[in-house]
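Working through the structure, step by step
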Amino acid sequence: NDEPDRFIPVLADLNDLASVSKAANAMLKSRNIKHIDFLINNAGMHYGTSALLKPGNPKTQQGHDQVFGVNYLSHFLLTEKLIPLLKKSPHGGRIIQVSSSFHWLSNGLQLETTSTERKGLLEPAPYASRGNAGTLVHKVQSYPNSKLAQILHTRSLNAEFARKNKKLKAVSLCPSWVGTSIGGNGILSRILKLFAYPSSGYGKLVVFSAMFDPLWTTTTTTTTGNKKDDFFISNELFESLPHAMLGENSFLNDWFRQSIFRDGIVWIIASGVLFTQKFFPSQLIAKSSPESYNTTLQDSLFVWSKDAVSGWI
């Protein structure tokens, strides 16, 4: 009550880049917002069963795939717009990307772009971004593609900050299974209520670790942005098991790791974590999937994304 301006609501529709830009402009112009210490890109969605079974797929106002647009592209634009306020932080601004270990489901192929320019935009757009794809595979992969894109964005930002000597850092994280509304109102929601970390308790801890852990806040980032210590997780099984079976030193061959069996392995691991995570909680800095360290993919997606949001900068 002594600080009436401590909480300042700013509304934005993440399904519309124009709305995101308007919200960012409101923060930039606000006399009550002098700087930003932490920008937490937390909003997330996925396609439920009904959306998966319907022909076509929902689109953003700009025609992008809705999950890709909300989970990734809107956060990309918001981050770009708010960097001036982050730079003013006396503590060094921090960007926190709430990603997911489900990024292991994506091999990165649907995020690839080309360098052929047409009318100022890179063509073709990544398959993951296209609102006219409409296939079941595209929709099933939309969530992991968007979460891999967030991790790649984190490393692109760190590389750019290192080149420009900015006192800014970015980090991504997986909160593990948390009992949020992303489960909807069906059976998944009831399962999450029983087995997931509570969103009002332990489910938040990894976010605080990513914000304040000195192991990454004091680390010097290289100009590639590819440091191991930029991905936080809430369960050690989400690092050890995926790397053992799908990592660069996996005992499985490349074909197996890039086939549909990859999806099955990730889902088996994720299901096991869901039902056991409360018995083995942990907070650690982990290594993400091998594809998330692909600097060619990282750089090309960053360039395309800048072009894609340039009309709202």
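A brief look at the structure comes next. Predicted, not measured: the structure shown is a model, and the values here were computed from it.

Here we look at the pairing of strand β2 (residues 94–98)
Within β2, 5 of the 5 residues are buried, leaving the element largely enclosed by the surrounding structure. Of the two faces of β2, the one holding Arg94, Ile96 and Val98 and the one holding Ile95 and Gln97 are both buried throughout. As judged from the 4 bridges shared by strand β1 (residues 38–41) and β2, these two strands associate in the parallel manner. Looking across to β2, one finds that Ile40 is bridged to Ile96. As paired elements, β2 and strand β5 (residues 169–174) share 5 bridges and run parallel to each other. Paired with Ile95 across the two strands is Ala170, which belongs to β5.

A short note on the nonpolar core
Generally speaking, nonpolar side chains in soluble globular proteins are found buried as a group. In terms of nonpolar packing, the biggest core is built from 34 residues, with Leu73, Leu82 and Leu111 touching the most fellow members. For this core, the secondary structure elements donating two or more residues are α1 (17–29), α3 (66–87), α4 (136–164) and α11 (295–309). Tallying contributions element by element places α3 first for this core, with 10 residues. If near-sequence neighbours (up to four positions away) are discounted, Leu82 is found in contact with Ala24, Met27, Leu28, Ile36 and Leu39. With 21 residues, the next largest nonpolar core counts Phe102, Phe231, Ile233 and Phe238 among its residues.

Topic: a nonpolar patch on the surface
The grouping of Leu205, Phe208 and Phe212 at the surface amounts to a nonpolar patch, some 300 Å² of accessible area in total. Locating Phe208 in the fold gives a position in helix α6 (residues 205–212). For Phe208, a relative accessible area of 43% puts it in the partly exposed group.

So, the side chain of Ser209
With respect to the helices and strands, the residue Ser209 is situated in helix α6. Taking relative accessible area as the criterion, Ser209 reaches 16% and is therefore assigned buried.

So, the sheet that holds β1
The 5 strands lie next to each other as β1-β2-β5-β8-β9, forming an open sheet whose pairing is mixed. Sheet topology places β1 and β9 (284–285) at the edges, where each strand pairs with a single neighbour. Helix-sheet contacts for α6 involve β1, β2, β5 and β8 (231–233), and the interaxial angle to β5 is about 160°.

A few points about the pairing of β5
The buried count for β5 comes to 6 of 6 residues, which makes it a mostly enclosed element. Along β5, one buried face is formed by Lys169, Val171 and Leu173 and the opposite face, lined by Ala170, Ser172 and Cys174, is buried too.

Section: unusual backbone geometry
Of note in the backbone geometry, Ser176 takes a positive phi value of approximately 70° without being a glycine. Counting through the fold element by element, Ser176 comes out in the loop between β5 and β6 (178–179). Residue Ser176 is classed as buried on the basis of its relative accessible area of 12%.

Quick notes on the packing of helix α8 (residues 237–246) against helix α10 (residues 260–276)
Running from N to C, α8 and α10 point in directions that differ by 155°, and their axes come no closer than 10 Å. The angle between α8 and α10 places the two elements in the roughly antiparallel class. For α8 against α10, the interelement crossing comes out right-handed. The segment α8 lies against α10, with Leu237, Phe238, Leu241, Pro242, Met245 and Leu246 engaging Arg262, Ile265, Val266, Ile269, Ala270, Val273 and Thr276. Of the residues contributing to the contact of α8 with α10, the split by class is 11 nonpolar, 1 polar and 1 charged.

Reading the values: the criteria
- Residues numbered from 1 in each chain as written.
- Predicted model: local features only at pLDDT ≥ 70, side-chain atom pairs only at ≥ 80, totals over all residues.
- Heavy atoms only, no water.
- Buried < 20%, exposed > 50% of the residue type's maximum accessible area, 1.4 Å probe, protein only.
- Helix = DSSP H or I, 4+ residues; strand = E, 2+ residues; numbered from the N terminus.
- Pairing = 2+ DSSP bridges.
- Core = buried A, V, L, I, M, F, W, Y, C linked by side-chain atoms within 4.5 Å.
- Contact = heavy atoms within 4.5 Å.
- Patch = residues over 30% accessible without salt bridge, like charges linked within 9 Å, V, L, I, M, F, W, Y side chains within 5 Å.
- Areas by Shrake-Rupley, 256 points an atom, 1.4 Å probe, with all protein chains shown as cover.
- Salt bridge = Lys/Arg side-chain N within 4 Å of Asp/Glu carboxyl O.
- Axes fitted to C-alpha atoms, helices over the stretch in contact; angles between N-to-C directions.
- Parallel < 35°, antiparallel > 145°, perpendicular 65-115°, else oblique.
- Left-handed = near helix turned anticlockwise from the far one by under 90°.
- Nonpolar A, V, L, I, M, F, W, Y, C, P; charged D, E, K, R; others polar.

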